[in-house]
Amino acid sequence: MSRSLQDTSHNEHPIASKFEELRSRREGALIAYLTGGDPTPEEFHANASALVEGGADIVEIGIPFSDPIADGPVIQASSQRALTAGITTKKVLSLAGEFSAQHDVPLVLLTYCNPILAMGAERFFQIAQRSGVSGVVVPDMPANADPQFHKLASKNDIDTILLAAPNTPETRLRRILAETTGFLYLVSLYGVTGPRKTLGPQALDTLKRVSSINKRRTPVSAGFGVSTPDHVRTLIKAGADGAIVGSALVQIIQDHLSNAGEMEELLKKHVAELKHATRKF
Amino acid sequence: MKIRQAATNSRGRFGKYGGQYVPETLMKPLQDLEEAYDEYSRDPSFKKELRNLLESYAGRPTPLYLARNLTRNLRGAKIYLKREDLLHGGAHKINNTLGQALLAGRMGKKRIIAETGAGQHGVATAMACAALGLQSEIYMGREDMERQKLNVYRMKMLGAEVHPVDSGSRTLKDAINESLRDWVTNVENTYYLLGSAVGPHPYPTIVRDFQSIIGKEARHQILAREDKLPRAVIACVGGGSNSIGIFHQFLHDLEVDLYGVEAGGQDIQPGHHAAALVAGSEGVLHGMLTYLLQDKNGQVQNTRSISAGLDYPAVGPEHAYLKSTGRVKYRAVSDNDALDAFKRLSDQEGIMPALEPAHALSYALKLAKRYPTSDSIIVNLSGRGDKDVEIVARHFPQ
Ligand SMILES: Cc1ncc(COP(=O)(O)O)c(C=O)c1O
């Protein structure tokens, strides 16, 4: 892609630009997740900054939902902590606004259908855009579930990042690749989110399947269970454009609830190690 | 793909309600399920085997009983009870579990998972799986395990493994969450046997079809007895399976009023009841767009009902649709009124109902008085009350 094209696309598609930039540097993207407002709104702000200082390329913020069916115990507990601390969709959006005012890192929101519908999808995307959000991931809104949803998002320049699973059949995979914007979120195992010792056993096969039909070179990032620098290195070597790490970071919060300083330090340190593993040299 | 029932369109919607709001990993098994169901529900050998099981194992057809004493004392419409409480296991749930377990077997799945609230669906799943040689694992909220101890024991005796659920409110909603999490993890060998007309397409359609035998029988029976259709049909609504099962055959009989009765709990304050259609608003939970008890931020609210089987913050999408068209009217009945109805049926007819259909009965007793004695109404007595004796005893000390 020519230099000038990259420049004009920068503001409207920060996620795509970020992947372009990283490709030219021969790096994969490290996408780091935290639940919005966990454990409290104040500590969240410091934690999110620690992710950026550690070198995260894209930050993903979760809007907690009472019934997170795609999440394992670690993110369930963080959602509960944030909800108990009084977090709401609006408050996460304003945390997002604070974050993007301070950091030049693309911001993605992750949540379930219902908090978005409760606010009204149109209003949600409008406020999200004003808060500097570049994309959304909605695990219970698969491709084709609601075409209106994707239209409203794109009207507000918000990418809708679709997920592909190990058992997604090829015809459906092609459609998902064509419809996703920002990047494709590859689910690297059968199961829910949660820290794992080993990389999801379906990750590499699924990656291979996607690569073989990914004519337009849509960026592909793998998540679910991705926890260690080794996992990240393996994924990037196998051709992934990015790795998404969530529960392993949220676990750090859970384990250091009484020591905010150490929590931030460890988050920053772990993100730095994960980021290092995305460099291909 | 052709779906035969008129109310479902090709995207698995009832009007705008329903759909498939699920993680991508579940899209393939839902597609497989839809195709298998489409094939076997038309397969004569499948239908024959199911009919045999329903007759010789579950005890169909169930009688339509004229509650003579209740009727005499009320001096209103005749009250007929559709006796699903006489089925094996003590509730209508077996109609669905036999159908789905048979389907799972045809699909080559050996491991069955299910959620349960009152424990009735868990018991019916354990029974169907034992009979068909399948392995069953049941998710049940810790709180429900406490209040339905007898059913936990029954499930274990019947060979099921019971997994306590400690997340969220530790009731039916959370048991469904945990079942969905199990399913995405073990999707390749596992069949999720959902217990009510809820969840992503095609479950609401499958469960309704397997339960609609209730209405088919009841319609024949009432015509044979009364030579005319009933004035009203009344059923309790938790997720909505026994109610859609009895309503479905009467949907086009516009002279028959249909009433769905939800759990009014203590009162209609948030958190004190489980009346999603009466007091809820539209939202997405468990893969479906439907009516939901939620706060203004879209967080699902806690529910409370004396009957564990109605203690659910959402409702099947076909009911959301039937509410929107006005064809079915939905009402809420309080814990106390349900307890009164339990007592009245017990001492006047010698039948102890489950607390769930006691809600429907309570409303029927009010309604019957408005109609002439030449009319009749049918109450779906979806289950028997043995499981609830401990709870009821606390309210009516001897
Ligand atoms: C006897 C009985 N009736 C009704 C219900 C409510 O479920 P549904 O609305 O699906 O019929 C239950 C659920 O456990 C039940 O056990």
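Refer to the structure above for everything that follows.
Here the structure is a predicted model, which means the values were calculated and not measured. Residue positions are counted from 1 within each chain, in the order its sequence is given. Chain letters start at A and ligand numbers start at 1, both assigned in the order the entries are written. The predicted nature of this model means local features are confined to residues of pLDDT at least 70 and side-chain atom pairs, given and counted, to a pLDDT of 80 or more, with totals for whole chains, interfaces and linings taken over all residues. The side-chain values count all of the structure's non-hydrogen atoms but skip hydrogen atoms and water molecules.

Draft legend 1. Representation of the interface of chain B and chain A within the structure. Counting residues at the interface gives 33 residues for chain B and 37 residues for chain A. Where chain B abuts chain A, roughly 2,600 Å² becomes buried across the two surfaces, and 52% of that area is made up of carbon and sulfur atoms. The term buried area denotes the loss of accessible surface (1.4 Å probe radius) that occurs when two parts are joined, taken as the sum for both partners. For the chain B face of the interface with chain A, the top three residues by lost area are Glu24, Arg181 and Gln299 of chain B, together amounting to 25%. Salt bridge, as used here: a side-chain nitrogen of Lys or Arg that lies within 4 Å of a carboxyl oxygen of Asp or Glu. The interface formed by chain B and chain A includes two salt bridges. Two residues, Asp67 of chain A and Lys173 of chain B, come together in a salt bridge whose shortest N-O distance is 2.7 Å. N or O atoms within 3.5 Å of each other form a polar contact, as long as, within protein, one can give a hydrogen and the other can take it, and as long as residues adjacent in sequence are counted only when both atoms are side-chain atoms. Where chain B packs against chain A, one counts 16 residue pairs in polar contact (both at pLDDT 80 or more). Contributing elements (two or more residues each) for the side of chain B that touches chain A: α1 (27-40), α8 (172-185), β11 (281-285) and β12 (288-292) of chain B. By the criteria applied, helices consist of DSSP H or I runs no shorter than four residues and strands consist of E runs no shorter than two, each listed in order from the N terminus. For the side of chain B that touches chain A, the leading source of residues is α8 of chain B, giving eight residues. In this count, Pro and Cys sit with the nonpolar residues alongside Ala, Val, Leu, Ile, Met, Phe, Trp and Tyr, while Asp, Glu, Lys and Arg are called charged and the others, Gly among them, polar. Class assignment of the residues belonging to the side of chain B that touches chain A gives a composition of 13 nonpolar, ten polar and ten charged. Contact between two residues is taken to exist if any of their heavy atoms lie within 4.5 Å; hydrogens are not considered.

Draft legend 2. Focus on the packing of helix α7 (residues 121-130) of chain A against helix α8 (residues 147-155) of chain A. Residue and element names in this part refer to chain A. Two elements in contact, α7 and α8, have axes separated by 9 Å at closest approach and are oriented at 30°. Here α8 runs roughly parallel to α7, going by the angle between their axes. The way α7 lies across α8 gives a crossing that is right-handed. Contacts between α7 and α8 involve Ala121, Glu122 and Phe125 on the former and, on the latter, Phe149, Leu152, Ala153 and Lys155. An axis is simply a line fitted to the C-alpha atoms; with a helix, the fit covers only the stretch in contact. Between two such axes, the angle follows the N-to-C directions and lies from 0 to 180 degrees. Roughly parallel here means an angle under 35 degrees, roughly antiparallel means over 145, roughly perpendicular means 65 to 115, and every remaining angle is called oblique. Left-handed describes a crossing whose near helix is turned anticlockwise from the far helix through less than a right angle; right-handed describes the clockwise counterpart.

Draft legend 3. How the structure looks around the site of the ligand. All names here are of chain B. Taken together, 19 residues lie near the ligand, and Ser196, Gly238, Gly240, Ser241 and Ser382 sit nearest. Ser196 places a side-chain nitrogen or oxygen 2.5 Å from an oxygen atom of the ligand. Within the backbone of Gly239, an N or O atom sits 3.2 Å from an oxygen atom of the ligand. Across the shell around the ligand, the residue classes tally to six nonpolar, eleven polar and two charged. One heavy atom within 4 Å of a molecule or strand is enough for the residue carrying it to be called near that molecule or strand.

Draft legend 4. The arrangement of the packing of helix α3 (residues 41-54) of chain A against helix α5 (residues 89-102) of chain A in detail. Residue and element names in this part refer to chain A. Between α3 and α5, the least distance of the axes is 11 Å, while the angle of their chain directions is 35°. Judged by the twist between their axes, the crossing of α3 over α5 is right-handed. Contacts between α3 and α5 pair Pro41, Phe44, His45, Ala48, Ser49 and Val52 from the former with Leu95, Glu98, Phe99 and Gln102 from the latter. Partitioning the contact of α3 with α5 into residue classes produces six nonpolar, three polar and one charged.

Draft legend 5. Just the pairing of strand β1 (residues 29-35) of chain A, in detail. All names here are of chain A. A large share of β1 lies buried, amounting to seven of its seven residues. The classification of residues rests on relative accessible area computed with a 1.4 Å probe and restricted to protein chains. Under 20% of the type maximum is buried, over 50% is exposed, and intermediate values are partly exposed. Side chains Ala29, Ile31, Tyr33 and Thr35 of β1 all project onto a buried face; the interleaved residues Leu30, Ala32 and Leu34 project onto the opposite face, where all are buried too. Note: two strands are recorded as paired if DSSP finds a minimum of 2 bridges between them. Judged from the five bridges that link them, β1 and strand β2 (residues 58-62) form a sheet pairing that is parallel. When the bridges of β2 are listed, Ile31 appears paired with Ile58. Look down the strands so they point away from you; if the path from the first strand over the helix to the second goes clockwise, the crossover is right-handed. Note on the crossover from β1 through α3 to β2: the handedness is right-handed.

Draft legend 6. The arrangement of the nonpolar core in detail. Counting residues in hydrophobic clusters, the biggest one holds 103 residues, and the most contacted among them are Leu109, Phe124, Phe125 and Leu249 of chain A together with Ile246 and Ile378 of chain B. Setting aside its immediate chain neighbours within four residues, Phe124 of chain A contacts Ile63, Thr89, Leu93, Leu109, Ile116, Met119 and Val136 of chain A. Buried Ala, Val, Leu, Ile, Met, Phe, Trp, Tyr and Cys residues form a nonpolar core when they are joined through side-chain atoms within 4.5 Å.

Draft legend 7. How the structure looks around the pattern of salt bridges. Residue and element names in this part refer to chain A. Going through the model one piece at a time under the given rule, you end up with 41 salt bridges over all chains. Between Lys18 and Glu21 there is a salt bridge whose closest N-O contact spans 3.9 Å. Of this pair, Lys18 and Glu21 both sit in helix α2 (residues 14-24), three residues apart, roughly one helical turn. For Glu21, a relative accessible area of 27% corresponds to the partly exposed category. Residues participating in the shared-partner salt-bridge network are Lys18, Glu21, Arg25, Glu27, Asp57, Lys275 and Arg279.

Draft legend 8. Highlighting helix α2 (residues 44-58) of chain B. Residue and element names in this part refer to chain B. The span expected for a helix works out to 1.5 Å for each residue beyond the first. Between its terminal C-alpha atoms α2 stretches 20 Å, which fits the 21 Å expected from 15 residues at 1.5 Å a residue. Along α2, the positions that sit buried rather than exposed are Phe46, Leu50, Leu53, Leu54 and Ala58. On an axial view of α2, the arc spanned by its buried residues comes to 95°, and they lie on one face. Across α2 from its buried face, at more than 90 degrees, point the exposed residues Pro44, Lys48 and Ser56. Where α2 is buried, its residues contact α1, α4 (93-106), α5 (120-132), α9 (203-211) and α10 (213-226). Immediately beyond the C-terminal end of α2, within one or two residues, lies Gly59, with a positive phi of roughly 100°. In this description, the arc belongs to the directions extending from the helix axis to the C-beta atoms.

Draft legend 9. Inspection of α10 of chain B at higher detail. All names here are of chain B. With 14 residues, α10 should cover 20 Å at 1.5 Å per step; its first-to-last C-alpha distance of 20 Å lies within 8% of that length. Three or more residues of α10 are buried, namely Ile214, Gly215, Glu217, Ala218, Ile222 and Glu226. Buried positions in α10, seen along its axis, are confined to an arc of 160° and lie on one side of it. More than 90 degrees from the buried face of α10, the exposed residues found are His220 and Ala224. Tucked inside the fold, the buried residues of α10 contact β3 (64-66), β4 (78-83), α4, α9, α11 (241-247) and β14 (376-381). Once α10 ends, the next one or two residues include Asp227, with phi positive near 65°.

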